[in-house]
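A closer look at the structure
Each chain, written out:
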Amino acid sequence: MTAPMPKQDKAPQSQPKSQPKSMKDITALCKRRGFIFPASEIYGGLNGFWDFGPLGVELKNNLRDYWWRKMVTTPPIGPDGQPVQIVGVDSAIIQNPQAWVASGHVGGFSDPMVDCRETKLRYRADHIVVLIPKDGDENWIATADDDPETIEKRIKKVGKGKSVANFEQKLLTELDPSDYAKILGPDTKEVGSLTEPKDFNLMFETRVGALATSDAKAYLRPETAQGIFLNFKNVVDTARVKMPFGIAQIGKAFRNEVTPRNYIYRSREFEQMEMEWFCHEDEAKKWFDFWINTRKEFWLECGLKEESLTIRPHDQDELSHYAKNGHGTVDVEFKFPFTDPGFGELEGIAHRSNFDLTQHQEHSKQKLEYLDPERNNEKYIPHVIEPAAGLTRGVLALISDAYTVDPDRPSGVFLDFKPSIAPKKAAILPLTAKEDHVPLATDLYLELREQYNVDLDIKQNIGKRYARQDEIGTPFCFTIDNDTIEDKTITVRHRNSMKQERIKMDEALSFMDDAMRGN
Ligand code: ATP
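By convention here, each chain's residues receive numbers from 1 onward along its written sequence. Only residues with pLDDT of at least 70 get local features here, since the model is predicted, and only at 80 or more are side-chain atom pairs given and counted; chain-wide, interface and lining totals rely on the full set of residues. To get the side-chain values, take all heavy atoms of the structure and skip hydrogens and water.

1. Some remarks on the overall build of the protein
Operational definition: The way it works is that DSSP assigns letters per residue, a run of H or I at least four long becomes a helix, a run of E at least two long becomes a strand, and they are numbered from the N terminus. Note on classification: 1.4 Å probe, protein chains only; a residue is buried when its accessible area is under 20% of the maximum for its type, exposed when over 50%, partly exposed between these limits. None of His or the chain ends enter the tally, which takes Lys and Arg as positive and Asp and Glu as negative. One atom stands in for each charge, and that atom is NZ of Lys, CZ of Arg, CG of Asp or CD of Glu.
Each helix and strand in the protein was counted, giving 14 helices and 27 strands. C-alpha extents for the protein along the principal axes are approximately 80 × 75 × 50 Å. Counting over 519 residues, the protein shows a buried share of 50%. For the protein, the distance from the average position of its 69 positive side-chain charges to the average position of its 82 negative side-chain charges is 3 Å.

Have a look at this one:
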């Protein structure tokens, strides 16, 4: 008996059409298949915190490892045709609090917020959309964000029969506070409950040691970048690096975001992949352009589609304090389902000038200059180009981009991950749980798992097992059947095309090697 094409698993007549992706469906799949769960779910969860399940952690680790490989182990070839030099660090999450004073986070790392006096809820002022009736009606309606669905629901509820077209949309921050009296807050019944915006520091505070005194106060890092600057001197003194070079770090960061939202896009605990590229000021522009192109290329290599990505330079008024004196900041943006047809930030590439090292030199009283033998022993504080990407936000981009609706298959959907990024590279499926099939499948599983993360799935009808693998984005299924016993061949089922072919069982490993090469 060869692995039959299960009845429902008919090959599609044409490639699946691009269909709108719903965040509701994507989050449901992530929950159902074990990618992402709300943190402490059995206690009702905690807003802004998420746990990665068995498949989510594999996917996140694959993206993390790929970034590390492309940045640290095999960094790119620079504009002069030579490989660039980047080393890694893994710094503490909690550092001396003075470091955060020097970096400007204690004084200035804040978002403008408004409180609602009626509900006691707090919102990001720059996210609130105010709907102003075009007919001059003085009842203005606010929503907590610009999500079209939220806006439509709110208008349905309190818009007195009007539709979206009857309103002009403005951001709260564009309005004069004297107009606030007319505004019905995002969750209120009465107008005039919103306060004027106040700055809210995003740093999570904690205490070090048993003393409850103010000098025991410390912070969870809001970015991984500062741990790199704090180790600049250590790396220069020990790692035999010479200008220009990079220091990279991947790890957790914490921000007490006012309104965590859009699933794991904006959470309070997340992971970053950051690299600080140190160079002489005269070369900063060259390297800025180099890193913008290289970083966009990286996301394409991870499998994100060209049409899902865009590069957006920041406007002058958006620039951070450190980027004002340099060549600015450019974001690599991704078309998330909740921003579509617009884009949202996936990674920022900033010219940070020499702001951070200068600040740390001043506050720590330690010399952080570089003595450059290649520039006649010129002493200078290097400039920095920083590609700063979100690891957890990257996972969301990978899942949303891979999510493909396909009514022609039983699962109705598959995840089109690149094989190298997919959490499972292949599934080994004995056609039946009959004794003859299982030992052969187990042999193949034991062989392949030495090289690749593969699944052995024994029970259930084959159609259901294919459907599960489609939903988790496994590129290949190897099916063991009666012919395998006879002639040692197995069926390979390809995820995207659902096409099947027969190969020799002892060629499965080289089949995988070929499929993974360059993928
Ligand atoms: P945003 O404008 O979205 O708040 P940011 O410009 O403050 O982001 P950076 O400080 O440049 O972000 O951080 C680098 C990257 O870290 C971002 O591009 C994003 O991918 C990720 N990131 C930042 N804040 C969060 C968050 N709250 N949740 C998840 N990822 C985040």
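2. Re the nonpolar core
Threshold: Buried Ala, Val, Leu, Ile, Met, Phe, Trp, Tyr and Cys residues form a nonpolar core when they are joined through side-chain atoms within 4.5 Å. As annotated, the domain borders come from an automatic or database domain assignment.
Ranked by size, the top nonpolar core spans 58 residues in total, and within it Phe35, Leu63, Trp277, Trp291, Trp299, Ile399 and Phe417 carry the most contacts. Of the residues that make up this core, three or more belong to each of domain 1 (1-32 + 414-519) and domain 2 (33-108 + 206-400). One finds Tyr452, Phe476, Ile503 and Phe511 within the second-largest nonpolar core, a separate group that totals 21 residues.

3. Looking at the site of the ligand
Stated precisely, the cut-off is as follows: Note on terminology: near, applied to a residue and a molecule or strand, indicates that one of the residue's heavy atoms is within 4 Å of it. Nitrogen and oxygen atoms within 3.5 Å of one another constitute a polar contact, given that in protein one can donate a hydrogen and the other can accept it, and given that sequence-neighbouring residues count only through two side-chain atoms. Residue-level accessible areas treat just the shown protein chains as cover; the underlying method is Shrake-Rupley with a 1.4 Å probe.
Taken together, 15 residues sit near the ligand, with Arg255, Glu257, Arg266, Ser267 and Glu345 positioned nearest. In this structure, Ser267 approaches the ligand through a main-chain N or O atom, which is 2.8 Å from a nitrogen atom. Here an oxygen atom of the ligand sits 3.1 Å away from a polar atom, N or O, in the main chain of Gly390. Taken by itself the ligand offers 590 Å² of open surface, and the protein chains cover 82% of this. Of all the secondary-structure elements, those providing two or more residues to the shell around the ligand are β14 (269-279), β17 (344-351) and β20 (383-390). Sort the elements by how many residues they give to the shell around the ligand and β17 lands first, with 4 residues.

4. Concerning a negative patch on the surface
Operational definition: Each patch groups residues whose relative accessible area exceeds 30% and which form no salt bridge, using 9 Å between like charges and 5 Å between nonpolar side chains of Val, Leu, Ile, Met, Phe, Trp and Tyr. The term salt bridge refers to a side-chain nitrogen of Lys or Arg lying within 4 Å of a carboxyl oxygen of Asp or Glu.
Residues Asp443, Glu447, Asp506 and Glu507 make up a contiguous surface patch of negative charge. Its location among the elements puts Glu507 in the loop between β27 (500-504) and α14 (508-516). For Glu507, a relative accessible area of 37% corresponds to the partly exposed category.

5. Observations regarding the packing of aromatic side chains
Geometry of an aromatic ring pair is reported as the spacing of the ring centres plus the angle between the planes. Our working rule: Only Phe, Tyr and Trp rings are paired, with Trp represented by its six-membered ring, and only when their centres lie within 6.5 Å; those with planes under 30 degrees apart are stacked, over 60 edge-to-face, the remainder tilted. Charges are assigned to positions over rings by a cutoff of 6 Å between ring centre and Lys NZ or Arg CZ, combined with an angular limit of 35 degrees from the ring normal.
A full pass over the atoms with the stated rule returns 20 aromatic pairs. Here the aromatic cluster, defined as three or more aromatic residues joined through ring pairs, consists of Phe229, Phe232, Phe245 and Phe278. In this arrangement the basic side chain of Arg295 is found over the ring face of Phe298, its NZ or CZ atom lying 4.3 Å from the centre.

6. Looking at the pairing of strand β16 (residues 329-334)
Stated precisely, the cut-off is as follows: At least two DSSP bridges between two strands are required for those strands to pair.
For β16, the tally of buried residues reaches 6 of 6 residues, placing the bulk of the element in the interior. Covered by surrounding structure in β16 are Thr329, Asp331 and Glu333 together with Val330, Val332 and Phe334, the residues of both alternating faces. Where strand β15 (residues 309-313) and β16 come together, 5 bridges link them in antiparallel fashion. Along β16, the bridge assignment pairs Thr310 with Glu333. Sheet topology places β16 next to β17; 6 bridges connect them, and they run antiparallel. Looking at β17, one finds that Val332 is bridged to Glu347.

7. Looking at empty space enclosed by the protein
Using the following cut-off: Buriedness of a pocket was judged along seven lines, with at least five required to meet protein on both sides within 12 Å; pockets are open sets of points on a 1 Å grid over the protein atoms alone, cavities are sets where a 1.4 Å probe fits but cannot get out, and lining residues have an atom within 4 Å of a point. Grid points are joined across faces, edges and corners, and a volume is the space filled by probe spheres set on the points. Three classes are used, and their members are as follows: Ala, Val, Leu, Ile, Met, Phe, Trp, Tyr, Cys and Pro are nonpolar, Asp, Glu, Lys and Arg are charged, and the others, Gly among them, are polar.
Scanning the model with the defined rule gives 1 cavity of 30 Å³ or more in all. If you add up the space inside the largest cavity, you get close to 60 Å³. Lining the largest cavity are Cys302, Gly303, Leu304, Lys305, Leu398, Asp401, Ala402, Asp416, Phe417, Lys418 and Ile421. In the lining of the largest cavity, the residues fall into 6 nonpolar, 1 polar and 4 charged. Shared between two domains, the lining of the largest cavity holds at least three residues of each, these being domain 1 (1-32 + 414-519) and domain 2 (33-108 + 206-400).

8. A closer look at the side chain of Asp137
Test applied: Contacts between residues were defined by any pair of non-hydrogen atoms, one from each residue, lying within 4.5 Å.
Among the structural elements, Asp137 can be located in the loop between β6 (129-133) and β7 (140-143). The exposure class of Asp137 is buried, given its relative accessible area of 19%. In this structure the side chain of Asp137 is engaged in a polar contact, spanning 3.0 Å, whose partner is the backbone nitrogen of Asn139. A polar contact of 3.2 Å, which involves the side chain of Asp137, links it to the side chain of Lys162. Not counting the four nearest positions on each side in its chain, Asp137 is found in contact with Lys160 and Lys162.

9. Overview of the sheet that holds β15
In plain terms, the rule: A fitted line through C-alpha atoms serves as each axis, taken over the contacting stretch for helices, and the angle formed by two N-to-C directions is quoted from 0 to 180°.
Strand order in the open sheet formed by 7 strands is β3-β13-β14-β20-β17-β16-β15, with mixed pairing between adjacent strands. The strands lining the two open edges of the sheet, one partner per strand, are β3 (86-88) and β15. Along the sheet, successive strands turn relative to each other by an average axial angle of 20 degrees, direction set aside. Pairing analysis gives 3 bridges linking β3 to strand β13 (residues 245-254), with the strands arranged parallel. Of the residues in β13, the one forming a bridge with Ile86 is Gly246.

10. Considering helix α10 (residues 391-402)
Quick reminder of the rule: Every helix has an expected span of 1.5 Å times one less than the residues it contains.
The first and last C-alpha atoms of α10 sit 16 Å apart over 12 residues, in line with the 16 Å expected at 1.5 Å per residue. Considered for burial, the residues of α10 that qualify are Leu391, Thr392, Arg393, Gly394, Val395, Leu396, Ala397, Leu398, Ile399, Ser400, Asp401 and Ala402.

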